[in-house]
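Chain by chain, the residues:
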Amino acid sequence: MNRDVSSTEVRGQGWGAQNRVEWNPAVSELQSQLEDLRMHVWACEADWRLDDRIDMATRSSSGQ
C-alpha cells in the first residue's frame, strides 16, 4: 500500500509526528563506525586470550 507523503508530514508536522524519528545519515554513519570498532576490539581481545593460553601452555610444558 503506497501512500503519498505530504511535505508537512516529512517535516514532522503531520500524521504521527510525535512518534517519528528523522533519519540522519551522519548519525547512522557514526553508529556503523562504532559497531565496526566494537567488533574489532572483540576480535583483538579474542586473539589476546588465545595468545595468553598459548603462552601458559608453553610455559607449563617447558617447566616440567
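Quick caveat, the model's predicted, so the values are computed rather than measured.

(A) Quick peek at the overall build of the protein chain. Within the protein chain, the regular secondary structure consists of two helices and zero strands. Counting across all 64 residues of the protein chain, residues that qualify as buried make up 2%. Approximately 6,100 Å² of the protein chain is accessible, and the part contributed by carbon and sulfur atoms is 56%.

(B) Representation of a negative patch on the surface in the model. Where like charges cluster on the molecular surface, the negative patch consists of Asp47, Asp51, Asp52 and Asp55. Taking relative accessible area as the criterion, Asp51 reaches 39% and is therefore assigned partly exposed.

Calculation criteria
Residues numbered from 1 in each chain as written. Predicted model: local features only at pLDDT ≥ 70, side-chain atom pairs only at ≥ 80, totals over all residues. Heavy atoms only, no water. Helix = DSSP H or I, 4+ residues; strand = E, 2+ residues; numbered from the N terminus. Buried < 20%, exposed > 50% of the residue type's maximum accessible area, 1.4 Å probe, protein only. Areas by Shrake-Rupley, 256 points an atom, 1.4 Å probe, with all protein chains shown as cover. Patch = residues over 30% accessible without salt bridge, like charges linked within 9 Å, V, L, I, M, F, W, Y side chains within 5 Å. Salt bridge = Lys/Arg side-chain N within 4 Å of Asp/Glu carboxyl O. Lys, Arg positive; Asp, Glu negative; His and termini not counted. Charge placed at Lys NZ, Arg CZ, Asp CG, Glu CD.

The analysis is restricted to geometry; functional conclusions fall outside its scope.
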